[in-house]
2 protein chains.
Amino acid sequence: MPATSPDFPARLRAAGLRPTRQRVALARLLFEGGPRHVTAEGLHVEVKASRMPVSLATVYNALNQFRDAGLLREVVVAPGRSYFDTNTGHHHHFFIEPDGELHDFPSDKVTIAGLPTPPKGTRVARVDVIVRVRR
Amino acid sequence: MPATSPDFPARLRAAGLRPTRQRVALARLLFEGGPRHVTAEGLHVEVKASRMPVSLATVYNALNQFRDAGLLREVVVAPGRSYFDTNTGHHHHFFIEPDGELHDFPSDKVTIAGLPTPPKGTRVARVDVIVRVRR
DNA sequence: GCAGTGTTTAGAATAGTTCTAAACTTCTTG
DNA sequence: CAAGAAGTTTAGAACTATTCTAAACACTGC
Ligand SMILES: [Mn+2]
Ligand SMILES: [Mn+2]
Ligand SMILES: [Zn+2]
Ligand SMILES: [Zn+2]
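Every value quoted in this text rests on a predicted model; they were computed, and no experiment measured them.

## So, the packing of aromatic side chains
Residues and elements named next belong to chain A. Under the definition given, this model contains six aromatic pairs over all chains. Note on Phe31 and Phe66: the rings are 6.2 Å apart at their centroids and 35° apart in plane angle, and the pair reads as tilted. Linking Phe31 in helix 2 (residues 21-31) with Phe66 in helix 4 (residues 56-68), this pair joins segments that are 35 residues apart in sequence. Both residues of the pair, Phe31 and Phe66, count as buried. Look at Tyr83 and Phe95: their rings are 6.4 Å apart centre to centre, the planes differ by 75°, and that puts the pair in the edge-to-face class. On the criterion of sequence distance, the pair formed by Tyr83 in strand 3 (residues 81-85) and Phe95 in strand 4 (residues 91-96) is long-range, its members being twelve residues apart. Per residue, the accessibility class of Tyr83 equals that of Phe95, and both read buried. The ring centre of Phe31 lies 5.2 Å from the NZ or CZ of Arg11, which sits over that ring.

## Some thoughts on the relation of the copies chain A and chain B
Each copy of the chain is related to the other by a rotation around an axis and a translation along that axis. Placing chain A over chain B gives an RMSD of 0.0 Å and needs a rotation angle of 180°, together with 0.0 Å of translation along the axis. Those values place the two copies in the arrangement expected of a two-fold rotation axis.

## Remarks on the domain arrangement of chain A
Buried accessible area, meaning the area lost when the parts come together, often serves as the stated size of an interface. Residues and elements named next belong to chain A. Partitioning chain A into structural domains gives domain 1 (8-84) and domain 2 (90-134). On a C-alpha basis, the centroid separation for the pair domain 1 and domain 2 is 23 Å. On the side of domain 2, eleven residues touch domain 1, which itself brings nine residues to the contact. Regarding the contact of domain 1 and domain 2, the summed buried area is about 840 Å², with carbon and sulfur atoms giving 54% of it. Considering only the surface of domain 1 that becomes buried against domain 2, His37, Arg73 and Val77 emerge as the three largest contributors, covering 69% of it.

## Here's the deal with the interface of chain A and chain B
Taken together, the contacts link 37 residues of chain A with 37 residues of chain B. A combined buried area of about 2,900 Å² lies between chain A and chain B, and 65% of that area is made up of carbon and sulfur atoms. Viewed at the interface, chain B and chain A are joined by two salt bridges. With a closest N to O distance of 2.8 Å, Asp128 of chain A and Arg132 of chain B form a salt bridge. Scanning the region where chain A abuts chain B turns up twelve residue pairs in polar contact (both at pLDDT 80 or more). When its residues are assigned to classes, the side of chain A that touches chain B shows 21 nonpolar, seven polar and nine charged. Where strand 6 (residues 111-113) of chain A and strand 6 (residues 111-113) of chain B come together, three bridges link them in antiparallel fashion. Across the sheet, Thr111 of chain A pairs through a bridge with Ala113 of chain B, a residue of strand 6 of chain B.

## Some thoughts on the protein's contact with DNA strand D
Near DNA strand D, the surroundings consist of 21 residues, among which Thr20 and Arg23 of chain A together with Tyr60, Gly80 and Arg81 of chain B are the closest. Of everything in DNA strand D that lies within 4 Å of the protein, sugar and phosphate atoms constitute 83%. The side chain of Tyr60 of chain B places a nitrogen or oxygen atom 2.6 Å from a phosphate oxygen of DNA strand D. Between a phosphate oxygen of DNA strand D and a side-chain N or O atom of Asn64 of chain B, the distance comes to 3.0 Å. If you list the elements that add at least two residues to the surface near DNA strand D, you get helix 2 and helix 4 of chain A together with helix 4 (56-68) and strand 3 (81-85) of chain B. In terms of residue count, the dominant contributor to the surface near DNA strand D is helix 4 of chain B (four residues).

## Concerning the packing of helix 2 (residues 21-31) of chain B against helix 3 (residues 40-48) of chain B
Residue and element names in this part refer to chain B. Helix 3 packs onto helix 2 with a crossing angle of 110° between their chain directions and a minimal axis gap of 11 Å. Between helix 2 and helix 3, the crossing angle belongs to the class labelled roughly perpendicular. The chirality of how helix 2 crosses helix 3 is right-handed. Residues Ala25, Leu26, Leu29 and Leu30 of helix 2 pack against Leu43, Glu46 and Val47 of helix 3. For the contact of helix 2 with helix 3, the class distribution of residues is six nonpolar, no polar and one charged.

Parameters at a glance
Residues numbered from 1 in each chain as written. Chains lettered and ligands numbered in written order. Predicted model: local features only at pLDDT ≥ 70, side-chain atom pairs only at ≥ 80, totals over all residues. Heavy atoms only, no water. Phe/Tyr/Trp six-rings, centres within 6.5 Å; stacked < 30°, edge-to-face > 60°. Helix = DSSP H or I, 4+ residues; strand = E, 2+ residues; numbered from the N terminus. Buried < 20%, exposed > 50% of the residue type's maximum accessible area, 1.4 Å probe, protein only. Lys NZ or Arg CZ within 6 Å of the ring centre and 35° of its normal. Least-squares fit on C-alpha atoms with pLDDT ≥ 70 in both. Domains from an automatic or database assignment. Contact = heavy atoms within 4.5 Å. Buried area = accessible area lost by both parts, 1.4 Å probe. Salt bridge = Lys/Arg side-chain N within 4 Å of Asp/Glu carboxyl O. Polar contact = N/O pair within 3.5 Å; in protein donor to acceptor, adjacent residues only side chain to side chain. Nonpolar A, V, L, I, M, F, W, Y, C, P; charged D, E, K, R; others polar. Pairing = 2+ DSSP bridges. Near = heavy atom within 4 Å. Axes fitted to C-alpha atoms, helices over the stretch in contact; angles between N-to-C directions. Parallel < 35°, antiparallel > 145°, perpendicular 65-115°, else oblique. Left-handed = near helix turned anticlockwise from the far one by under 90°.

Structure representation (structure tokens):
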């Protein structure tokens, strides 16, 4: 049995989203098991293989809603497609360029010193570190 | 008179590219004056306003060729569009989220300590720091 | 000048994503 | 639990950024 009961309907309701069959199916794929980085197309392929297939439009809707609700974070590392990240805490990424794979690493042990002050009239919202690696 | 003679035909030849009228016109817009971050559409609007208009396909071709030749660097910070950066040296970016504006800052004063070792079988190609700021 | 090869171009094509509006589901209230 | 209201799903059309196609054109070296 998992440490925390993954009551997806409740988690969706808590996020202000109706727990429809489609959203619950997607939440299961996303949040059951370890942290993941998915693309819309990739998640659509996965959910089509399940007992509760979901249209591509709904996959996009759900990913955008989950992101807006703070359940996901959007990561942009390469032109043409967005990744959605189930890890919403502070962390950074390795990006394996040839395969388009993303790997997390924690930010607590990373120190970024000497950043200049932000442009006038702006506040820092987030600092992203992307370590691009090749084979 | 500028410090270095901006002989664009010569610079293009040195990069292995024929100095066509279109490429010279684009190189002028890109490399004359300070460092810039352009989008394909933005550069196309600029060059259309000049005495030597250029098709959008050629703008895309030239940007990709200039990047492949090391004259430009591609920067991906937001979904949907690529920026091309005339500053090809080591540096990082502020990204002003509401307006989609990019600002450089040098990387020599920035220290990134504590990065984990890259995934097995990979080598670091580049480390990008994107400081996302809001008004 | 003349090949020969590389480049430009308009327009078609593609890929990822969002929109539309009709059908359907979930929620609330009586 | 029935009925109505409000929110959601869906197929397909639409849209945006980018690439492709193939025919006209322009650089280059002789
Ligand atoms: Mn989006
Ligand atoms: Mn590209
Ligand atoms: Zn991540
Ligand atoms: Zn830059």
